[in-house]
Number of protein chains: 2
Amino acid sequence: MIAPSLDFWLEFGSTYSYPAAMRIAELAQAAGVTVRWRPFALGAIFKAQGWPPDSPFNWQQAKGRYMWRDLERLCAGYGLPFRRPDPFPQPSILAARVALVGLREGWGEDFARAVYRAEFAEGRQIGEPAVIGELVAGLGVPPEPVLARANGAENKDALRAATDEAQRLGIFGAPSFVTADGELFWGNDRLEAALAWAQRMG
Amino acid sequence: MIAPSLDFWLEFGSTYSYPAAMRIAELAQAAGVTVRWRPFALGAIFKAQGWPPDSPFNWQQAKGRYMWRDLERLCAGYGLPFRRPDPFPQPSILAARVALVGLREGWGEDFARAVYRAEFAEGRQIGEPAVIGELVAGLGVPPEPVLARANGAENKDALRAATDEAQRLGIFGAPSFVTADGELFWGNDRLEAALAWAQRMG
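Cut-off values and rules
Residues numbered from 1 in each chain as written. Chains lettered and ligands numbered in written order. Predicted model: local features only at pLDDT ≥ 70, side-chain atom pairs only at ≥ 80, totals over all residues. Helix = DSSP H or I, 4+ residues; strand = E, 2+ residues; numbered from the N terminus. Rg over C-alpha atoms; globule rule 2.2 N^0.38 Å. Buried ≥ 20, exposed ≤ 12 C-beta atoms within 10 Å, placed from the backbone. Axes fitted to C-alpha atoms, helices over the stretch in contact; angles between N-to-C directions. Parallel < 35°, antiparallel > 145°, perpendicular 65-115°, else oblique. Left-handed = near helix turned anticlockwise from the far one by under 90°. Contact = placed C-beta atoms within 7 Å. Least-squares fit on C-alpha atoms with pLDDT ≥ 70 in both. Nonpolar A, V, L, I, M, F, W, Y, C, P; charged D, E, K, R; others polar. Pairing = 2+ DSSP bridges. pLDDT = per-residue confidence, 0-100. Expected span 1.5 Å × (residues − 1).

Novice: Could you give an account of the overall build of chain A, naming the residues involved and the relevant values?
Specialist: Scanning chain A from N- to C-terminus turns up 10 helices and four strands. In sequence order, chain A lays out its α and β elements as β-α-β-α-α-α-α-α-α-α-α-β-β-α. Over its C-alpha atoms chain A spans a radius of gyration of 16 Å, differing by no more than 12% from the 17 Å that the globule rule assigns to 202 residues. Taken along the three principal axes of its C-alpha coordinates, chain A extends 45 × 40 × 35 Å. Each of the 202 residues in chain A was classed as buried or not, and the buried ones make up 39%.

Structure representation (structure tokens):
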């Protein structure tokens, strides 16, 4: 018997990753499932598909209008504060690189939640190094060495490798969840189903 | 106090419209919500967006692979038989036209369920007039006059008008649900939320 586990693939620019990131810890604990947070760069996967260099919610206008309303309704239902980021999407690569550092050092999940809160509840510019530095400092971690490591060649390669892995797993959107036996679940809507599947695998 | 109602926008080629169509009557009855079935032609909306003349699940390959697995899991969970249509998508315009006739005559919902069952559980070719005629006959309705009315100019215009209305409502996919106060919900995943919203409106 292995302990049930689930990989949580997150993208910091992704709207539906916000409620998933804020909900997953409590739900996973209740289900007895260990979650591994896996930041990746969804834009690179869109680019590999030949898509425009922008969020599909911007160039697919009807779907985009719907998404904002749907997200607002969802957040209200979850009791999560919500404020639409401006501009959207926010540049997310720096946050993903810092999250990779933080996940190696034990503060990555708290950092990821802080980024989503800053971005989708507080209207902050998460692409700015000063904002990311403040969020790191807020966790009691000195920001300068973290930002230097985050932007180092080794860590940049780690984010590229994670993104390549996501693509090999068939991931095409965020949030996504992958169980130990390779079942892929896409979307905040599938978080509960993914945890239930992981639980049955344990 | 108006009786709560919900418009159910369905497309016969749409995969996730299958579980929605098979589930909605029972759920709506339990919620005390009257459902109006609204067939439309989603392909025309995709075309107006400049998209390829094919299902996005075919030209967005990773998403398509995921959708088939997701649908299979969902149907298993709902206890619905499932068989992948071949070819996919099935031509759906004739079914939509016949459904419009049937909805005017009181047998449209049963016909719609029969089409989805034939298409997604029995592997039948729902683009063939002979198959559609059999499904109509199975409801105790003589098929020849129905097929003639379905393909008449007035009924073709009615399907075009429904599709234009869907587009004006902001619909970009199927199934979709619209409440009396204009809230749009997209996807089989949102059926319960749409019914709950309609109920609060009543």
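Novice: An account of the packing of helix α1 (residues 17–31) of chain B against helix α6 (residues 108–120) of chain B is requested, with residue identities and associated values reported.
Specialist: Residue and element names in this part refer to chain B. One can describe the packing of α1 onto α6 by two numbers: an axis separation of 9 Å at closest approach and a directional angle of 140°. By the angle class used here, α1 and α6 are oblique. Considering only the axes of α1 and α6, their crossing is left-handed. Of the residues in α6, those touching α1 at Tyr18, Ala21, Met22 and Ala25 are Glu109, Ala112, Arg113, Tyr116 and Phe120.

Novice: Give me the lowdown on the relation of the copies chain A and chain B, citing residues and values where you can.
Specialist: Structural alignment of chain A on chain B gives an RMSD of 0.0 Å, achieved by rotating through 180° and translating 0.0 Å along the axis. This pairing of chains is accounted for by a two-fold axis. Considering only C-alpha atoms, the residue of chain A closest to the rotation axis is Asp189 of chain A, which sits at 3.7 Å. In this assembly the copies share their binding face: 100% of the residues contributing to the interface of chain A also contribute to that of chain B.

Novice: Help me get a handle on the interface of chain A and chain B, residues and values and all.
Specialist: The partner chain B presents nine residues to the nine residues of chain A that form the contact. Residue assignment for the side of chain A that touches chain B shows that the elements contributing at least two residues are α4 (61–78) and β4 (184–186) of chain A. Tallied by class, the residues present in the side of chain A that touches chain B amount to five nonpolar, one polar and three charged.

Novice: Give a detailed account of the environment of Ala148 of chain A, specifying residues and quantitative values.
Specialist: The residue Ala148 of chain A is located in helix α8 (residues 143–150) in this model. As for Ala148 of chain A and Val98 of chain A, which are separated by 50 residues in sequence, their C-alpha atoms are 9.4 Å apart.

Novice: Break down the packing of α1 of chain B against helix α10 (residues 191–201) of chain B for me, citing the residues and quoting the values.
Specialist: All names here are of chain B. Remark: α1 packs on α10, axes separated minimally by 10 Å, with the N-to-C direction vectors making an angle of 30°. One way to sum up the angle between α1 and α10 is to call them roughly parallel. Regarding α1 and α10, the two cross each other, and that crossing is right-handed. Contact residues: Ala20, Arg23, Ile24, Leu27, Ala28 and Ala31 in α1; Leu191, Glu192, Leu195 and Gln199 in α10. By residue class, the composition of the contact of α1 with α10 is seven nonpolar, one polar and two charged.

Novice: Would you mind going over the pairing of strand β3 (residues 176–179) of chain B in detail, with residue names and values included?
Specialist: All names here are of chain B. Residues Ser176 and Val178 line one face of β3 and the alternating positions Phe177 and Thr179 line the opposite face, and both faces are buried. With four bridges joining them, strand β1 (residues 5–10) and β3 adopt antiparallel strand pairing. Each residue of the ladder has a partner; that of Leu6, found in β3, is Thr179. With three bridges joining them, β3 and strand β4 (residues 184–186) adopt antiparallel strand pairing. Looking across to β4, one finds that Ser176 is bridged to Trp186. Counting the residues that bridge the hairpin from β3 to β4 gives four residues, and of these Gly182 lies at a positive phi of roughly 85°.

Novice: Explain the confidence of the model for chain A to me, using residue names and the numbers behind them.
Specialist: Interpretation of the predicted coordinates at a detailed level should be avoided for regions scoring low in pLDDT. Per-residue pLDDT for chain A has a mean of 96; in total, 99% of the residues score no lower than 70. Interface predicted TM-score (ipTM) for the complex: 0.94; the corresponding pTM is 0.96.

Novice: Report on helix α5 (residues 93–105) of chain A, specifying residues and quantitative values.
Specialist: All names here are of chain A. Taking 1.5 Å per residue, 13 residues should reach 18 Å; α5 reaches 19 Å between its end C-alpha atoms and fits that length. All buried positions along α5 are accounted for by Leu94, Ala95, Ala96, Arg97, Val98, Ala99, Leu100, Val101 and Gly102. Residues of α5 that are buried sit in contact with β2 (34–39), α6 (108–120), α7 (129–137), α8 and α9 (153–168). Positive backbone phi, at 95°, marks Gly106, one or two positions downstream of α5.

Novice: Describe the sheet that holds β2 of chain A, and please don't skip the residues or the numbers.
Specialist: All names here are of chain A. Spatially, the four strands line up as an open sheet ordered β2-β1-β3-β4, and their pairing is mixed. The sheet is open, and its two edges are formed by β2 and β4, each paired on a single side. Between one strand axis and the next, the sheet turns by 20° as a mean value, whatever way the strands run. Two elements, strand β1 (residues 5–10) and β2, share six bridges in a ladder whose sense is parallel. Paired with Leu6 across the bridge in β2 is Val35. The sheet strands contacting helix α10 (residues 191–201) are β1, β3 (176–179) and β4, and the helix crosses β3 at an angle near 10°.

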